[in-house]
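The lines below spell out each chain.
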Amino acid sequence: MRGVKPLLRSGWGLISGVVLGLVACSPNPPPAARDLHAPDSLYVVPWEQVEVYLQAAPSPVQVSLWLRQEKVKFYREPLHDPTYAGRYSGLQGAANLGIYLTDMAYAHATGRYQEAYDYLSAVNRLATTYGIEDIFSIERIRQLDKLQDKPDSAQKLFTQYYSEVQTRLSETGQEAMLRHMILGGWVESLHIILHLLEKDPQNQPLAEVILLQKGLTPLLVRLYSIDTLQSKASQTVLNHLQAMQKTLDALPLGESATVTNAEVKKGVIQMQFRSQAPLKPEEIRAIQSHLAPLRQFLVKI
Amino acid sequence: MTKIPLSLGIGLLLALSGASYGQSGCRQLIPSCRSAHIEDFSWDGRYWRAELYGGETTEIYYTFFRGLRYRIIPCGRSSSQAMPHLRIYNANRTLLLDTRQQGERPYWDLELSSTQLLLIELYYPSGDGCVALLIGHRASEEVAAVR
């Protein structure tokens, strides 16, 4: 049944009770910072309220394949530090799972296999927190690493692993954590794409991804407006998302979403959309200025 | 037309007809549809399912990238043996395509000229029943030929 799932499972309940108790006793951290590490019982959200919006953002596996098609260059500087992985938990841990998976996907898409391996190892360190360590076990990571010269096979395996993560988080009552993982993956994808756009402002396919955020960000806003009463960390995420939405609202999305032709040929639906003018450097910087504090909130130690 | 959250449909089913069909009937749609139609497309684990009654529809937002080909697999049969259909809208909720105008198919492949966030509405033209949706992806044939 996929009705309201009991998020507070027995094991989590015990752990979360102890952790919440410890957090409550600690003297100083501000509420948002404290909630960043809280267990998933804090983020109790009815499943039917989130699932409509949950899958709107692209998964790292899709982003990975698309970046490979676009033949983008590799830049190390926008990526997160994989050595921090062991320090995250709660919302932050799940968000960083998405961030590291996206960094891995980008490294893999650009043929940087050593970096991809480092990020997969970071995912492995985080995975134990969410009971998915078997999916990203060292043995499986090595298996993936052996496919360096077969990117299509590696892509399929990565897709399978990501699929298993989603299923596992859903089936073990960790939908709220799945939501944070998707948020982290989304933030990191945008962060990387904005960096690539800064280097290549005329790149239309990259600009298209930024433009569609105008429609996507309101869905994430709805996703995060649900549990803000319980969680200050969610409230902070929501504030950042709302600030981003205001900036995106000023972008001229309307034209780019206009279809000029939609037809079905041999079972394939083909849709042509009106092309869009490239983003201006100041527009790229404006979006970056709102995304950066949100990403910083998710990655800070 | 009533729009319902996906899981709410499951809840309605449980209330009306008991838990056993809702759990087993809807659950079985995903693996059977996947094995029947996904072929060489990659599936990233996302799926949707709902119970639709009396003309209800259910919505899915999804980001589609230019240069990838997608396989959209609507699964299920209504009580009147109708196949599920899709209405595809852009981010501004303008209707782009209704597959009902294109006949019945077990899946639809999709390619876009630019990356877009689209809204897919699933519905049965007649009857009630469980419906599910899977979306697979792979490089488009044009791009794959170049590589």
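Computed from a predicted structure; not experimentally measured.

## Let's talk about the interface of chain A and chain B
Part 1 of the reasoning: Taken together, the contact between chain A and chain B spans 53 residues of the former and 54 residues of the latter.
Part 2 of the reasoning: Here chain A and chain B share an interface that buries about 4700 Å² over both sides, 56% of which is from carbon and sulfur atoms.
Part 3 of the reasoning: Remark: the boundary between chain A and chain B carries one salt bridge.
Part 4 of the reasoning: Of the charged contacts, one joins A:Glu70 and B:Arg66 as a salt bridge, the two residues approaching to 3.4 Å between their closest N and O atoms.
Part 5 of the reasoning: Counting across the interface, chain A meets chain B through 16 residue pairs in polar contact (both at pLDDT 80 or more).
Part 6 of the reasoning: For the side of chain A that touches chain B, the elements supplying multiple residues, two or more each, are α3 (47-54), α4 (60-70), α8 (151-171), α10 (204-211), α11 (213-224), α13 (253-256), β1 (259-265) and β2 (268-273) of chain A.

## Topic: the sheet that holds strand β5 (residues 95-98) of chain B
Residues and elements named next belong to chain B.
Part 1 of the reasoning: With antiparallel pairing, four strands are arranged side by side in an open sheet as β2-β7-β4-β5. Each end of this open sheet is capped by a strand with a single partner; those strands are β2 (57-64) and β5. Strand after strand, the sheet turns through a mean of 25 degrees between neighbouring axes, direction not considered.

## Description of the state of the cysteines
All names here are of chain B.
Part 1 of the reasoning: Summed over all chains, the structure comprises one disulfide over all chains.
Part 2 of the reasoning: Between Cys33 and Cys75 runs a disulfide, and the two sulfur atoms are separated by 2.2 Å. Pair noted here: Cys33 is in helix α2 (residues 19-37) and Cys75 is in strand β3 (residues 68-75), with a separation of 42 residues, a long-range link.
Part 3 of the reasoning: Taking the relative accessible area as the measure of exposure, Cys33 reaches 8% and is therefore buried.
Part 4 of the reasoning: Under the relative-accessibility criterion, Cys75 is labelled buried at 1%.

## Concerning the nonpolar core
Burial of nonpolar side chains together is a common tendency in soluble globular proteins.
Part 1 of the reasoning: Among the nonpolar cores identified, the biggest contains 123 residues, and A:Trp186, A:Leu298 and B:Phe64 are the most heavily contacted of them.
Part 2 of the reasoning: Examining the composition of this core, we find that 13 residues originate from one element, helix α9 (residues 175-199) of chain A, more than from any other.
Part 3 of the reasoning: Ignoring any residue separated from it by four or fewer positions in sequence, one finds A:Leu298 in contact with A:Tyr88, A:Leu91, A:Gln92, A:Ala95, A:Asn96, A:Ile99, A:Leu183, A:Val187 and A:Val237.
Part 4 of the reasoning: Counting residues in each nonpolar core, the second largest holds 14 residues, with B:Ile38, B:Cys75, B:Cys130 and B:Ala132 among its members.

Thresholds, definitions, all that
- Residues numbered from 1 in each chain as written.
- Chains lettered and ligands numbered in written order.
- Predicted model: local features only at pLDDT ≥ 70, side-chain atom pairs only at ≥ 80, totals over all residues.
- Heavy atoms only, no water.
- Contact = heavy atoms within 4.5 Å.
- Buried area = accessible area lost by both parts, 1.4 Å probe.
- Salt bridge = Lys/Arg side-chain N within 4 Å of Asp/Glu carboxyl O.
- Polar contact = N/O pair within 3.5 Å; in protein donor to acceptor, adjacent residues only side chain to side chain.
- Helix = DSSP H or I, 4+ residues; strand = E, 2+ residues; numbered from the N terminus.
- Pairing = 2+ DSSP bridges.
- Axes fitted to C-alpha atoms, helices over the stretch in contact; angles between N-to-C directions.
- Disulfide = S-S within 2.5 Å.
- Buried < 20%, exposed > 50% of the residue type's maximum accessible area, 1.4 Å probe, protein only.
- Core = buried A, V, L, I, M, F, W, Y, C linked by side-chain atoms within 4.5 Å.

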